[in-house]
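Residue-level structure breakdown
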Amino acid sequence: MTDLTTLLSKTTHSHQELVQLLSVTSTEDTAQILDAALQKKASTLGRKVYLRGLIELTNHCSKNCYYCGIRAANKNVTRYTLTDEEVLDCADFAWKQGFGSLVIQSGELSGTAFTAQIEGLLHKIHQHTKNELTITLSCGEQSLDTYKRWFKAGAERYLLRIETTNKALYQQIHPHDTHHTWESRIEALQNLRLAGYQVGTGVMIGLPGQSISDLAGDIGFFRSMDVDMVGMGPYIEHADTPMFEKAQLLWPASERFRMALLMIAVLRLNMPWINMAASTALETLDPLGRQKGILAGANVVMPNLTPVTNRKNYQLYNNKPNLDKDAALSTISLQKVLDAIGETICFNEAGNSQHFSRRQQQE
Ligand code: SF4
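What you see is a predicted model; the values in this text were computed from it and never measured.

Conventions we followed
- Residues numbered from 1 in each chain as written.
- Predicted model: local features only at pLDDT ≥ 70, side-chain atom pairs only at ≥ 80, totals over all residues.
- Heavy atoms only, no water.
- Helix = DSSP H or I, 4+ residues; strand = E, 2+ residues; numbered from the N terminus.
- Rg over C-alpha atoms; globule rule 2.2 N^0.38 Å.
- Buried < 20%, exposed > 50% of the residue type's maximum accessible area, 1.4 Å probe, protein only.
- Pairing = 2+ DSSP bridges.
- Right-handed = clockwise from strand over helix to strand, strands pointing away.
- Arc of directions from axis to C-beta.
- Contact = heavy atoms within 4.5 Å.
- Polar contact = N/O pair within 3.5 Å; in protein donor to acceptor, adjacent residues only side chain to side chain.
- Phe/Tyr/Trp six-rings, centres within 6.5 Å; stacked < 30°, edge-to-face > 60°.
- Lys NZ or Arg CZ within 6 Å of the ring centre and 35° of its normal.

Let's talk about the overall build of the chain
When helices and strands are tallied, the chain shows 15 helices and eleven strands. In terms of overall dimensions, the chain is globule-like: its C-alpha atoms have a radius of gyration of 19 Å, near the 21 Å expected for 363 residues. For the C-alpha atoms alone, the extent of the chain along its principal axes is close to 55 × 45 × 45 Å. Residues classed as buried in the chain amount to 58% of the 363 residues present.

Laid out in structure tokens, this is it:
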């Protein structure tokens with residue numbers, strides 16, 4: 001077995017080495033890995049953090065993922081869709097605060113009306129903000145034609161989390177029907193690349209039945225797919241979902257949190273130029289979760305701009321934080337928190353994935 005210092009000096013790790021890194025248990029070894037990742041980030045991307053204002057457009061969803069609080073079959077959710085005016089208000093706030101970038105997220109819907117709604121919103125936001133905001137979409141699996149249409153309308157990045165790259169585990173956390181196949185998710189990720197997007201994906205960490213080898217495989221998958229962005233965080237159960245029955249099989253929350261930080265750090269060591277978000281789920285398990293994610297190698301934070309009245313209805317998992325926080329106040333406190341740990345928020349910058357730009361230069 002290679003010693004930790006030697007492992008951390010490598011720029012890429014084999015599956016076995018990834019397993020070894022993710023298997024450390026002591027506080028000292030964990031801290032050594034997180035510190036190496038922070039140094040890697042500092043020497044490549046700098047101690048910089050980019051903001052993406054998150055707009056949760058609608059909690060309607062046609063799918064029934066077993067882990068998700070807004071799954072179609074959950075009758076305990078009050079469904080909503082923001083009006084175009086509400087979305088434009090959020091975009092206006094992000095623009096005037098100098099966020100540089102927006103994420104529009106929704107449940108997975110398909111059909112011509114939804115495609116046209118997103119397309120229309122993209123045009124309206126760009127017109128209103130003088131094309132000064134870069135827009136990321138996170139609206140699920142769509143056809144290549146739809147992805148192309150939204151790209152043409154001004155979306156430049158797309159997030160589509162695979163949640164786990166282990167096919168057998170994927171099948172355990174999704175219904176067994178034609179709408180929830182692992183193959184279609186892979187195809188969608190490939191189509192996003194074809195359509196021209198900066199492509200983002202991600203996984204949940206600490207799913208019932210998930211092994212360290214599965215997590216090492218996730219990192220291998222990100223590398224083999226050459227993704228540009230990753231958003232991953234601890235799995236947090238939701239009481240109104242089928243997977244809640246397996247809650248007794250979960251690692252303790254503190255261990256899911258530690259493993260999520262380790263995953264961020266080990267991925268940063270292996271993919272130094274990608275954008276990586278410090279997820280909201282980290283903050284659910286630890287009040288300092290967001291800054292700890294940044295100190296483990298993440299470089300993106302996504303303040304929630306969804307109107308406060310709708311936020312409580314967009315809970316993919318229980319105890320989501322900041323459900324009632326005013327977006328302006330959250331931005332001020334975020335700036336203070338990041339200043340205190342030596343990170344600088346890059347206002348008025350798109351913060352594109354440098355991994356993406358470097359690949360384009362090589363092509
Ligand atoms: S994870 Fe996404 S696609 Fe699955 S039920 Fe939730 S919102 Fe819908």
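Now that the structure has been shown, we can carry on.
A short note on the pairing of strand β4 (residues 134–138)
For β4, a buried count of five out of five residues is recorded, marking the element as mostly surrounded by other parts of the structure. The alternating pattern of β4 places Thr134, Thr136 and Ser138 and Ile135 and Leu137 on opposite faces, both of which are buried. Alignment of strand β3 (residues 101–106) against β4, held across five bridges, turns out to be parallel. Paired with Ser101 across the two strands is Thr134, which belongs to β4. Once the chain exits β3 it traverses helix α5 (residues 112–128) before rejoining the sheet at β4, and the crossover so formed is right-handed. The pairing of β4 with strand β5 (residues 155–159) spans three bridges and is classified as parallel. Counted as the bridge partner of Ile135 is Ala155 from β5. Traced from β4 through helix α6 (residues 144–152) to β5, the parallel crossover comes out right-handed.

Section: helix α15 (residues 354–362)
Restricting attention to buried positions, one finds in α15 the residues His355, Phe356 and Arg359. For α15, the arc enclosing every buried residue in end-on projection is 100 degrees, short of the 170-degree limit, so these residues lie on one face. In this fold, the buried residues of α15 make contact with α8 (182–195) and β6 (198–201). Among the residues of α15, the N-terminal cap falls to Ser353, whose side-chain oxygen and the backbone nitrogen of His355 are separated by 3.3 Å.

Some words on the packing of aromatic side chains
Counted under the stated rule, the structure contains seven aromatic pairs. Where Phe151 meets Tyr197, the ring centres are 5.1 Å apart and the plane angle is 70 degrees; that geometry is what we call edge-to-face. Of the two residues, Phe151 sits in helix α6 while Tyr197 sits in the loop between α8 and β6, which places them 46 residues apart along the sequence. Residue class for Phe151 comes out partly exposed when judged on its relative accessible area of 32%. Ring centres of Tyr158 and Tyr197 lie 5.6 Å apart, and the angle between their planes is 80 degrees; on these two criteria the pair is classed as edge-to-face. Of the two residues, Tyr158 is situated in strand β5 and Tyr197 in the loop between α8 and β6; the sequence distance between them amounts to 39 residues. As far as the burial class goes, Tyr158 and Tyr197 line up, both buried. Here the aromatic residues Tyr147, Phe151, Tyr158 and Tyr197 are joined through ring pairs into a cluster of three or more. Positioned over the ring face of Trp273 is Arg358, at 3.9 Å from the centre of the ring.

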